[in-house]
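# Chain and residue survey
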Amino acid sequence: MAFEYAPAPESRSIVDIKPSYGLFIDGEFVDGHGSAFKSINPATEETLAEIAEADAADVDKAVKAARRAFRTWSRMPGKERSKYLYRIARIIQERSRELAVLESIDNGKPIKESRDVDVPIVAAHFFYYAGWADKLEYAGLGANPQPLGVAGQVIPWNFPLLMLAWKVAPALACGNTVVLKPAETTPLTALLFAEICQQADLPAGVVNIVTGAGDTGQAVVSHPDVDKVAFTGSTGVGKAIARAIAGSDKKATLELGGKAANIVFDDAAIDQAVEGIVGGIFFNQGHVCCAGSRLLVQESVADEVMAKLKRRMGTLRVGDPLDKNTDIGAINSAEQLARIRALAEIGEDEGAERWAPPCELPSAGFWFPPTVFTGVSQAHRIARDEVFGPVLSVLTFRTPSEAIEKANNTPYGLSAGVWTEKGSRILHMANELRAGVVWANTFNKFDPASPFGGYKESGYGREGGRQGLSAYLKAGA
Ligand code: TAP
């Protein structure tokens with residue numbers, strides 16, 4: 001059944017969305033030379049704003065501005081750079097409600113997530129790397145490490161502001177300057193961040209934001225005067241970027257897709273594990289690279305886990321992202337919704353059993369109910385492909401070695417979860433699982449001090465922590 005809802009008006013009034021936005025180059029907003037595009041609210045399908053598209057000449061202008069700014073920014077004492085980063089972090093905190101509401105409107109994610117997870121971690125990231133700016137000699141790259149130059153950064157739509165923070169904060173702390181391209185469907189918080197850079201008096205050209213689609217991203221990463229490419233997105237585009245920069249001396253970090261196993265042993269605290277399973281796959285509508293999209297549950301507790309999981313799924317509220325009680329918001333785009341629907345249909349066609357709780361979905365906008373597939377085999381597409389939506393595939397295992405084999409049977413290697421009361425088993429699993437992050441008795445926990453990144457087709461390089469600095473520095477004498 002479908003229903004109509006009006007987004008909460010008081011939340012909308014917190015944020016001032018302009019009818020149109022330009023590109024942010026050399027400290028000011030300027031017109032783009034490509035054809036403008038619209039950013040829409042995925043919960044209502046209404047147009048939010050017209051966004052300028054940067055063509056190759058605009059990207060060139062942004063790279064030139066970043067190069068000019070690099071000369072002074074890279075020579076500025078680290079403690080001076082850190083003052084700007086602290087200032088940005090504090091403004092993010094001061095404007096956190098505005099940022100959270102705008103993120104939820106543009107992306108579709110529930111306000112309780114943007115307010116309590118995304119924006120606080122964004123501020124924490126700037127605080128964390130502000131603290132590093134005058135301590136780079138401890139980065140592990142010699143006594144006098146040097147910045148790389150101009151960083152070309154391309155980010156996805158699932159955590160627009162958080163991915164920006166993961167890229168911009170370490171780059172700036174290390175003395176690099178930045179040309180960043182946000183995803184086509186979620187440019188608004190990056191543009192608000194540009195205003196925050198102005199408010200913080202960040203020197204012109206240190207951060208440049210060029211909006212647009214894939215062509216703009218391509219122009220950024222392949223620009224000859226870009227020294228460093230930082231990309232987060234799909235494995236397909238990541239491979240295309242690696243090909244595009246092959247043969248150049250650009251340094252690159254690629255954070256790509258995932259198909260994480262969330263492994264529940266029979267000695268686990270089951271109620272806690274069920275909460276972890278729900279958070280692992282339904283957080284951010286499942287638009288999470290490290291989502292626990294494959295549940296591996298030990299056979300002896302499979303019935304109990306499934307009964308409790310279904311009961312818990314029945315309590316999840318799907319709807320208005322700006323309603324504080326919403327658990328699952330809107331799918332980010334019509335295109336992503338079509339991809340999720342197609343993979344779910346393939347799951348049924350291949351013989352897995354599909355279940356979703358009864359759930360009223362709004363008539364306008366893009367929605368998908370929390371869904372679980374049982375009877376899934378390793379050969380099924382829903383067990384292999386990244387759905388990037390609120391869809392969980394359940395497989396069972398008998399022994400720890402079978403769990404390890406199944407968990408590692410994927411081209412990806414970004415994250416995994418282990419639920420057990422046995423400490424020795426946690427350590428054993430962490431050693432055996434081929435995943436960049438292994439969570440134990442928790443899932444989807446992030447901290448700026450903790451490095452994040454993948455193995456295999458999940459990409460290379462680490463973001464976050466001290467390790468994240470080496471992505472933006474070269475060893476110095
Ligand atoms: P993509 O389609 O790969 O897009 C990512 C970004 O690249 C967007 O800004 C996109 O622009 C741009 N782009 C597209 N084609 C390009 C090209 N040829 N050259 C340069 N840039 C190009 O991914 P998505 O759908 O936005 O995001 C979902 C994917 O990101 C998932 O696979 C997810 O797992 C992954 N992800 C990974 C992580 C980590 S940390 N590993 C974190 C979040 C997401 P448009 O927006 O215009 O397409």
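The rules behind the values
Residues numbered from 1 in each chain as written. Predicted model: local features only at pLDDT ≥ 70, side-chain atom pairs only at ≥ 80, totals over all residues. Heavy atoms only, no water. UniProt positions renumbered as here; feature names shortened; annotations may be inferred. Helix = DSSP H or I, 4+ residues; strand = E, 2+ residues; numbered from the N terminus. Rg over C-alpha atoms; globule rule 2.2 N^0.38 Å. Contact = heavy atoms within 4.5 Å. Areas by Shrake-Rupley, 256 points an atom, 1.4 Å probe, with all protein chains shown as cover. Lys, Arg positive; Asp, Glu negative; His and termini not counted. Charge placed at Lys NZ, Arg CZ, Asp CG, Glu CD. Phe/Tyr/Trp six-rings, centres within 6.5 Å; stacked < 30°, edge-to-face > 60°. Lys NZ or Arg CZ within 6 Å of the ring centre and 35° of its normal. Expected span 1.5 Å × (residues − 1). Buried < 20%, exposed > 50% of the residue type's maximum accessible area, 1.4 Å probe, protein only. Near = heavy atom within 4 Å. Polar contact = N/O pair within 3.5 Å; in protein donor to acceptor, adjacent residues only side chain to side chain. 1 Å grid on protein atoms, 1.4 Å probe; cavity = no way out; pocket = protein on both sides within 12 Å on 5 of 7 lines; lining within 4 Å. Sits in = over half its atoms within 2 Å of the grid points. Nonpolar A, V, L, I, M, F, W, Y, C, P; charged D, E, K, R; others polar. Core = buried A, V, L, I, M, F, W, Y, C linked by side-chain atoms within 4.5 Å. Pairing = 2+ DSSP bridges. Axes fitted to C-alpha atoms, helices over the stretch in contact; angles between N-to-C directions. Points joined across faces, edges and corners; volume = space filled by probe spheres on them. Parallel < 35°, antiparallel > 145°, perpendicular 65-115°, else oblique.

The protein chain has the name Aldehyde dehydrogenase family protein in an unreviewed UniProt entry, where Nocardioides humilatus is given as its organism. The UniProt entry for the protein chain carries this comment under Sequence similarities (unreviewed entry): "Belongs to the aldehyde dehydrogenase family."

## Points about the overall build of the protein chain
From N to C terminus, the protein chain includes 15 helices and 22 strands. Here the C-alpha atoms of the protein chain give a radius of gyration of 22 Å, agreeing with the 23 Å that 2.2 N^0.38 yields for 477 residues. Along the first, second and third principal axes, the C-alpha atoms of the protein chain reach 65 × 55 × 40 Å. Nonlocal contacts in the protein chain, meaning residues at least 24 apart in sequence, comprise 76% of its contacts between residues at least 6 apart. Looking at the protein chain as shown, the accessible area adds up to about 18200 Å², and 50% of this sits on carbon and sulfur atoms. A gap of 6 Å separates the mean positions of the 50 positive and 57 negative side-chain charges of the protein chain.

## Some points on the packing of aromatic side chains
Considering all chains together, one arrives at 13 aromatic pairs under this definition. Three or more aromatic residues link up through ring pairs in this structure, and these residues are Trp166, Trp439, Phe443, Phe446 and Phe452. The cationic tip of Arg462 hangs over the ring face of Tyr455; the distance from NZ or CZ to the ring centre is 5.8 Å.

## Digging into helix H6 (residues 160-173)
Given a rise of 1.5 Å per residue, 14 residues ought to cover 20 Å, and the 20 Å separating the end C-alpha atoms of H6 matches this to within 8%. With respect to burial, H6 is a largely interior element, 14 of its 14 residues being buried. Downstream of H6 by a residue or two, Gly175 has a phi angle that is positive, lying close to 100°.

## A closer look at the UniProt feature "active site" (unreviewed entry) in the protein chain
As recorded in UniProt, the sites labelled "active site" (unreviewed entry) are Glu255. Within the fold, Glu255 resides in strand E12 (residues 251-255). The contact partners of Glu255, leaving out residues within four places of it in the chain, are Phe231, Thr232, Gly233, Leu414, Phe452, Gly453, Gly454, Ser458, Gly461, Arg462 and Glu463.

## Observations concerning the site of the ligand
Every one of the 28 residues lining the ligand counts as a neighbour, but Ile155, Glu184, Ser234, Leu256 and Glu386 are closest to it. Lys181 places a polar side-chain atom, nitrogen or oxygen, 3.1 Å from an oxygen atom of the ligand. In isolation the ligand has 920 Å² of accessible area, and contact with the protein removes 88% of it. The site holding the ligand turns out to be the largest pocket. Element by element, the count of residues in the shell around the ligand is highest for helix H8 (residues 214-222), at three residues. A breakdown of the residues in the shell around the ligand according to their chemical character gives 15 nonpolar, nine polar and four charged.

## Focus: the nonpolar core
By size, the foremost hydrophobic cluster in this structure holds 110 residues, and its most contacted members are Ile92, Phe126, Phe193, Val264 and Leu309. With eleven residues, H6 is the largest single contributor of residues to this core. Not counting chain neighbours up to four residues away, the residues in contact with Val264 comprise Ile270, Ala273, Ile277, Leu295, Leu296, Val297, Gln298, Val305, Phe397 and Trp419. Ranked by size, the runner-up nonpolar core spans 28 residues in total, among them Ile340, Ile382, Leu433 and Ala435.

## Focus: the environment of Asp267
Position of Asp267 among the secondary structure elements: in the loop between strand E13 (261-264) and helix H10 (270-282). On the accessibility criterion, Asp267 (24% relative accessible area) is partly exposed. Remark: the alpha-carbon pair of Asp267 and Asn325, spanning 58 residues in sequence, is separated by 32 Å. With sequence-adjacent residues up to four places away left out, Asp267 is seen in contact with Trp419, Thr420, Glu421, Lys422 and Arg425. A polar atom in the side chain of Asp267 sits 3.2 Å from the backbone nitrogen of Glu421.

## Notes on the sheet that holds strand E5 (residues 37-40)
Taken in spatial order, the three strands of this open sheet run E2-E6-E5, and their pairing is mixed. Strands with a single pairing partner mark the edges of an open sheet, and in this sheet they are strand E2 (20-21) and E5. Relative to strand E6 (residues 47-51), E2 runs parallel, the two being bridged by two bridges. Residue pairing across strands places Ser20 opposite Glu50, the latter belonging to E6. With respect to the sheet, helix H7 (residues 188-199) is in contact with E2, E5 and E6, its orientation differing from that of E6 by roughly 60°.

## Comments concerning the layout of surface pockets
One number sums up the size of the largest pocket: a volume of about 1000 Å³. In terms of lining, the largest pocket is formed by 39 residues, of which the most central are Pro156, Trp157, Gly233, Ser234 and Val237. For the lining of the largest pocket, the residue count by class is 18 nonpolar, 14 polar and seven charged. One number sums up the size of the second largest pocket: a volume of about 520 Å³. If you trace the second largest pocket, you find 22 residues lining it, with Glu275, Gly279, Gly280, Phe283 and Phe443 closest to the centre.

## Comments concerning the side chain of Asn444
With respect to the helices, strands and loops of the structure, Asn444 is situated in the loop between strand E20 (437-440) and strand E21 (459-460). Of note is the side chain of Asn444, whose polar atom sits 3.3 Å from the backbone oxygen of Gly279. Sequence-distant contacts of Asn444, defined by excluding residues within four places in its chain, comprise Gly279, Gly280, Phe283, Val288, Cys290 and Trp439.

## Remarks on the packing of helix H5 (residues 111-132) against H6
Put simply, H5 and H6 touch, their axes get as near as 9 Å, and they point 5° apart. The orientation of H5 relative to H6 falls into the category roughly parallel. Residues Asp118, Val119, Ile121, Val122, His125, Phe126 and Tyr129 of H5 form the contact with H6, whose own contacting residues are Leu161, Leu162, Ala165, Trp166, Val168, Ala169, Pro170 and Ala173. Looking at side-chain class alone, the contact of H5 with H6 contains 13 nonpolar, one polar and one charged residues.

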